[in-house]
Amino acid sequence: MDHKSDTENTPQKQDGGQSMWGGRFASGPSAIMQEINASIGFDKRLYRQDIAGSKAHAKMLASCGVISHEDYDAIVGGLDQVQEEIEAGKMVFDPALEDIHMHVESRLREIVGDAGARLHTGRSRNDQVATDFRLWTRDAIDALDAAMGKLLGAIVDQAEKHAAAVMPGFTHLQTAQPVTLGHHMMAYHDMLSRDRARLRDCRTRVNESPLGAAALAGTSFPIDRHMTASDLGFDRPMSNSLDAVSARDFALEFLSTLSISAVHLSRLADEIVLWASAAFRFLTLSDGFSTGSSIMPQKRNPDAAELIRAKVGRISGALQGLMMVMKGLPLAYSKDMQEDKEPVFQAVDDFELCIAAMTGMIEDLKPNTENMAAAAGQSFSTATDLADWLVRVLGLPFRDAHHVTGAVVKAAETLGVDLKDLPLEAMRTVEPRITVDVYDVLSVQASVSSRTSYGGTAPENVTKAVAVARAALK
């Protein structure tokens, strides 16, 4: 690695020959120190939040008489120019200025002079970065909430189309009982709805303002933290200055919420991989969400689903990484906490991509309902319906009915037929009281239609669940 000399890497000087933090120091940092200390490579994406926070802080300082209204006007105009330059790609990011906060302040001073130097009155980078990070996280939550709403809508659309489409339900990945595809899709709707609720609940704890807590102890200037909190859309200022600058549980909670949801996306992705396989043939993915093989021309690979399945490792890894950063830190701020943003940024990027890819796949996938229905009738999937019939019609205790049904299944297995095709005489050799009416419950359609208990797979239940879901999404 090619490091410049210490002289070349001296922090950028301000008016009067002073670096932003260098009054205590006789010389600049070493090249290696500068490299490990700089965060501009990733925290530059906080620029909008940093400028918004600075405008609110300046407005409050002017309102409280800490700075003049003339200085406030100059600061706001300068910050607008800084934002325009960043968005136009004109800002040159310099590791010597460490982070986005120093870049904005340095350029502001170049534009407006001493007025820009007064902006930092009554605050520290500690409360500034905590404020920016909370604003960014809040914006990310709002964007993800909208994206999850779109995914939930796509799932509900598929559930409504296939409310009565029969498919096998599995336990241990073994055929268990028939269900409907609509019911199966609504299971993921409910999982992801809880994820969305967790995200919204997380937002309430994110949405508190650290601004004005300063370095750790508050400030002696007559500031109004409630004003800045209100201007920035926070619910309230944080009540303890030490907690305000050192708390990162909001980021941990956010990553925890994303990790849980990523697990749910991974489970759905795994089922798409299985269902798209030649062994299942339950669905077909469009060309838009499939890839081919470099050597096998017949292949159609569900790579988007596989990559979603893999992303959970990166997202949950970000949570574990930040927990390790925070686990042993005393109050208040330590430089370790500079490592808080990058894993959150990466996790959000990954999760956002997963949501978009899953939405596209759900919208485009084509269920092979005939294959699903055929598979639903295999492996004696209506055996439980036979046991229930024995309880309901013949009055057998369920454990006895379970034993009788097992013997009937064995007889069908011996003859190589399914339960609905087993001759009545064969059933009666096990239980003489069985009548021809038993066949009414042995088809997969009859099975799913009978599951009308609340939350059951009956098509009428699915239709009602879809209606409730649509109302909630609106």
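This report concerns the structure included in the present document. All of these numbers come straight from a predicted model, not from anything done at the bench.

Now for the pattern of salt bridges. For the structure on display, the rule yields 27 salt bridges. When the shortest N-O distance is used, the salt bridge between Arg 470 and Asp 157 registers 2.6 Å. With a gap of 313 residues between them, Arg 470 in helix H19 (residues 459–473) and Asp 157 in helix H7 (residues 125–161) connect regions that are remote in the sequence. The class for Arg 470 is partly exposed, based on a relative accessible area of 27%. A salt bridge links Arg 451 to Asp 388; the nearest nitrogen and oxygen atoms lie 3.6 Å apart. Taken as a pair, Arg 451 in the loop between helix H18 (444–450) and H19 and Asp 388 in helix H15 (residues 383–394) lie far apart in primary sequence, 63 residues in all. If you follow the salt bridges from partner to partner, you end up with Glu 85, Arg 107 and Glu 110 in one network.

Given a rise of 1.5 Å per residue, 24 residues ought to cover 34 Å, and the 35 Å separating the end C-alpha atoms of helix H12 (residues 303–326) matches this to within 8%. At Ala 310, H12 shows its largest bend, some 25 degrees. Against the buried residues of H12 lie helix H10 (241–246), helix H11 (249–275) and helix H13 (341–364).

In this section: the pairing of strand E1 (residues 166–171). Pairing of E1 with strand E2 (residues 174–180) involves six bridges; the strand directions are antiparallel. The residue of E2 that forms the bridge with Thr 171 is Gln 174. The loop that links E1 with its antiparallel partner E2 comprises two residues; one of these, His 172, has a positive phi angle of about 55 degrees.

Of note, the amide linkage connecting Leu 331 to Ala 332 takes the cis form, showing an omega dihedral of 10 degrees. In this structure, Leu 173 is a non-glycine residue whose phi angle is positive, near 60 degrees. Along the chain, Leu 173 falls in the loop between E1 and E2. You will see that Ser 379, though not glycine, has its phi angle at about 60 degrees, which is positive.

A word on the environment of Arg 107. Residue placement: Arg 107 occurs in helix H5 (residues 100–112). Judged by its relative accessible area of 22%, Arg 107 is partly exposed. C-alpha separation for the pair Arg 107 and Glu 85, spaced 22 residues apart in sequence, amounts to 9.9 Å. The contacts of Arg 107, once residues within four sequence positions are left out, are Gln 81, Val 82, Glu 85 and Met 91. A distance of 3.0 Å separates polar atoms of two side chains, one belonging to Arg 107 and the other to Glu 110.

On to the layout of surface pockets. Taken as a whole, the largest pocket encloses approximately 820 Å³ of empty space. What lines the largest pocket is a set of 31 residues, and nearest its centre among them are His 183, Met 186, Asp 190, Gly 455 and Ala 465. Elements supplying a minimum of two residues to the lining of the largest pocket: E1, E2, helix H8 (181–206) and H19. Per-element tally for the lining of the largest pocket: the top contributor is H8, with 10 residues. Split into classes, the residues belonging to the lining of the largest pocket amount to 15 nonpolar, 11 polar and five charged.

The rules behind these values
- Throughout, a residue's number is its position along its own chain's written sequence, starting from 1.
- With pLDDT at 70 or above as the cut-off, local features in this predicted model cover only qualifying residues; side-chain atom pairs require 80 or more to be listed or tallied, and sums for whole chains, interfaces and linings still use all residues.
- The side-chain values count all of the structure's non-hydrogen atoms but skip hydrogen atoms and water molecules.
- The rule for a salt bridge is simple: a side-chain nitrogen of Lys or Arg has to be within 4 Å of a carboxyl oxygen of Asp or Glu.
- By the criteria applied, helices consist of DSSP H or I runs no shorter than four residues and strands consist of E runs no shorter than two, each listed in order from the N terminus.
- Only protein chains enter the accessibility calculation, which uses a 1.4 Å probe; a residue whose area is less than 20% of its type maximum is buried, one above 50% is exposed, and one in between is partly exposed.
- In a helix, the anticipated span is given by 1.5 Å times the number of residues less one.
- To get the bend at any residue, fit one axis to the seven residues that end at it and another to the seven that begin at it, then take the angle between the two axes.
- Any two residues whose heavy atoms approach within 4.5 Å at even a single point are treated as in contact.
- The pairing criterion for strands is at least two bridges between them, as found by DSSP.
- Any N or O atom pair separated by 3.5 Å or less is treated as a polar contact, with the protein-specific requirement of one donor-capable and one acceptor-capable atom, and with residues adjacent in sequence counted only for side-chain atom pairs.
- In this analysis a 1.4 Å probe is tested at points of a 1 Å grid over the protein atoms alone, and where it fits but cannot get out there is a cavity; an open set with protein on both sides within 12 Å along at least five of seven lines is a pocket; lining residues have an atom within 4 Å of a point.
- Grid points are joined across faces, edges and corners, and a volume is the space filled by probe spheres set on the points.
- Polar here means any residue outside two lists: the nonpolar Ala, Val, Leu, Ile, Met, Phe, Trp, Tyr, Cys and Pro, and the charged Asp, Glu, Lys and Arg; Gly therefore counts as polar.

Such coordinate-based values are descriptive only and should not be taken to indicate function.
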